[in-house]
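Listed below are the residues making up each chain.
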Amino acid sequence: MPVFHLTDSNSKPWIVQKYGGTSLGKLLEVITGTIITQYLENNNVAVVCSAISGSTKSEGTTSLLLNAVELATSREWRGTEVNKAIDLVRDNHLAICKNMQFGIDGVRNAKVFAELERGIRSDCEGVRSFLIAAQTIGELSGRAKDKIVATGERLACRVVVASLLSKGIKAKLITLDDLVECAYTEDKYKQRLAYEELGPRFFDALAVSIGRRIQECGGAVPVVTGFFGMMPTPLLESVGRGYSDLCAAMCAVGIEAGELQIWKEVDGIFTADPRKVLSARLLPTITLEEASELTYYGSEVIHPLTMGQIKTASIPLRIKNVKNPEGSGTIIYPSLSPLSTPKTSSSTSSLTSLNSSDSIASFMQANGYYGTSQSRRAPTALTAKDSIVLMNIQSNRQKKSHGFLAQVFAKLDELDVVADLITSSEQSVSLAISSLDGVDKVERLMQSLDKCGKVEVLQDMAIVSVIGHKMRNMVGIAGQIFSKLASGGVNIYLIGQGASEINISLVIKNDDAQTAIDIIHENVLGIPKYDTHAPIYQNGLMKGPWLY
C-alpha cells in the first residue's frame, strides 16, 4: 500500500479532531479510514483520543482502570480481582488489534500490529505492577491515580496510530505525561504555586508546549493522548473526566488551528434532548456562552475550561457526528468583537465557508443572532437536571442578613457542597443542590444548617433551564414561560435568572420535568410537537422561530 504523504503540509491549515472513547470503540474504521483520510486532503490534522469505551462509560477502559484502583486500595487483599480488571483491559485492546487485521495485507503490516500488541501488553503490565505495589502499601495518591488512568488514553492512541499506519498514513504517538514538568519545571511546589496564581491561564504554557510537540511530527499525523501530564493537583479532581476536551482545545491553541472539532455520536447541539423531545431540532450554531450554560445545567456539551481556551484564541469549535461525517454539525463561534475575528478552515464536507467577520455576522443573523451583541428574539434551547434537592433555610433572626448568608455558605463549604441555584432575602435563602448523592449527605447537611435556622427540605426535584443569548432583553419571555407552565398545571418552587443574561432556571418536581420541557419547547421556543422524530435533514431546512 502506498504511503499517504502530507504534501505541502506547511501551507495547509490545521484542524484538531477529538474523538470520544465510545466512537473509537465502535467506529474506528470510519474514523481512520474515512474521516481523517478525507480531511488530510486539504488540511493538517491533529487527533486527540479519549480512552476506548464499550457501549456505556461504565464498561469503558477508564471505568475499568478506576475500578482496579479501588480494588487495589481496599483494606482486604483483592489481588485476583485487580488482575482480572487489568486482564480485561488488555484483552479488549488485543481483540481490537486482531479485528483490525481482517481485510488488509497482514504480511505488509505485520510489524505494525506486532508493535501494537507489544505496546498494549507493556502498558497493561506496567499498570499491574504499579497496582500490586500500591496494594502492598495500602494507599494511592491522587496523582498516582491519574498516572494509572492515563494508560487508557495511551492505549487508545496506540490503536489509532496502528490503524492509520496500516492504511498507509504516516502517524506518530504523542504522550504528554511530562508536559507540566517541561512547562513549569519538576519542582512540585513551583508547579502548585503557578497553578494557584495563574488560574485558567496556567494552561497557556501547556498549550505552547503541546504545539511544539505537534509541529515536530513533520509529515506524520500527530495522535495525542487526552491525558496531559501530572497536574499540581489530581487531574480527575481539578478538571474531571472531561479533560480530553480541554487537551484538544490546548492543541488547537498551540498550533493556531483553524477549527477545533469534537466528534461525538450525535449530529450536534439540539434545541432539547432529542431522546426526550422528539421534535427537537439541530442548531446550526449557538454562542459560546449558551454552550457553557447548557453544559452547566445538564447537557453534555463541552467542558467549561475548553470554552475558555477557544474563546481566548478565537478558534471556532464544531461538534460533529462520526456516524454522519458529511453533516455540518453545530459550530460555536467565540463572541464577536472588533478585536477578535474567529479563525476558519476548509474541509471536505459541507462546512460553511466563513472568511470574514462580516460573513460570520451574516451567518449568525440568519440563525437568529443580531448585531455584535448577538441578541436573540426567542430562547435558543432548554435543558434539565434531575435528582435535585431543594433546601429552604429561614433565619433564626439572631444574625443580620450578611451574617446569616455567610454562615449558610460556610456550612456548604465545610461539606464540599455546591449550590446550582440560589435565591435569598434578608432572612431566608433557598438552595437547589445536585451534588448530594445519598441520604446520609442530605441528613448531615440538614443537621449542619439547623444551626443557621429552620430548614425545609424537598427532594425529587428538577431544574429546567431556558437558554438564550441576552435573554434579559426578550421582553415578556419570563411571563410567557410562567403562564404556559401554569396552564399545564406545573408548579414552580424556585426561580432564578443568571447575571450572565443567558438563562432562566426553574425548580419543579421531577415528575413534572418532562411536561414542563414539552410545554416550553412547543409554546416558548415555538417548535411544533411531533409524535415521532423529525428527519435530521429537516432541522437544517425548516425555518423555525429560532431562525427568523
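Here the structure is shown first, and the text comes after it.
All of the points below concern the structure found in this document. If you're wondering where the values come from, they're calculated on a predicted model, not measured in any experiment.

Observations regarding the packing of aromatic side chains
So, step 1. Evaluation of the coordinates by the stated rule reveals eight aromatic pairs.
So, step 2. Geometrically, the ring pair formed by Phe202 and Phe203 is edge-to-face, given 5.8 Å between the ring centres and 85° between the ring planes. Here Phe202 and Phe203 have matching classes, each one buried.
So, step 3. Where Phe203 meets Phe228, the ring centres are 6.2 Å apart and the plane angle is 85°; that geometry is what we call edge-to-face. Separated by 25 residues along the polypeptide, Phe203 in helix α8 (residues 202-215) and Phe228 in the loop between β4 (221-225) and α9 (235-238) bring together distant segments of the chain.
So, step 4. With relative accessibility at 3%, the residue Phe203 sits in the buried group.
So, step 5. Here the aromatic residues Tyr184, Tyr195, Phe202, Phe203 and Phe228 are joined through ring pairs into a cluster of three or more.

Let's talk about the sheet that holds strand β2 (residues 44-49)
So, step 1. Judged by pairing direction, the sheet is mixed, and its eight strands sit side by side in the order β3-β4-β2-β1-β5-β7-β8-β6 without closing on themselves. Of all the strands in the sheet, just β3 (171-174) and β6 (285-287) have a single pairing partner and so form its edges. Going from strand to strand, the sheet's axes swing by 25° on average, the running direction of each strand aside.
So, step 2. Pairing between strand β7 (residues 317-321) and strand β8 (residues 330-333): three bridges, direction antiparallel. Paired with Arg318 across the bridge in β8 is Ile331.
So, step 3. The sheet contacts of helix α1 (residues 21-39) involve β1 (14-19), β2, β5 (259-264) and β7, and relative to β1 the element is tilted by about 160°.
So, step 4. Each of β2, β3 and β4 touches helix α5 (residues 142-166); the most contacted strand, β4, lies at about 165° to it.

How each quantity is defined
Residues numbered from 1 in each chain as written. Predicted model: local features only at pLDDT ≥ 70, side-chain atom pairs only at ≥ 80, totals over all residues. Heavy atoms only, no water. Phe/Tyr/Trp six-rings, centres within 6.5 Å; stacked < 30°, edge-to-face > 60°. Buried < 20%, exposed > 50% of the residue type's maximum accessible area, 1.4 Å probe, protein only. Helix = DSSP H or I, 4+ residues; strand = E, 2+ residues; numbered from the N terminus. Pairing = 2+ DSSP bridges. Axes fitted to C-alpha atoms, helices over the stretch in contact; angles between N-to-C directions. Contact = heavy atoms within 4.5 Å.

Purely spatial values, then, with no claim about function.
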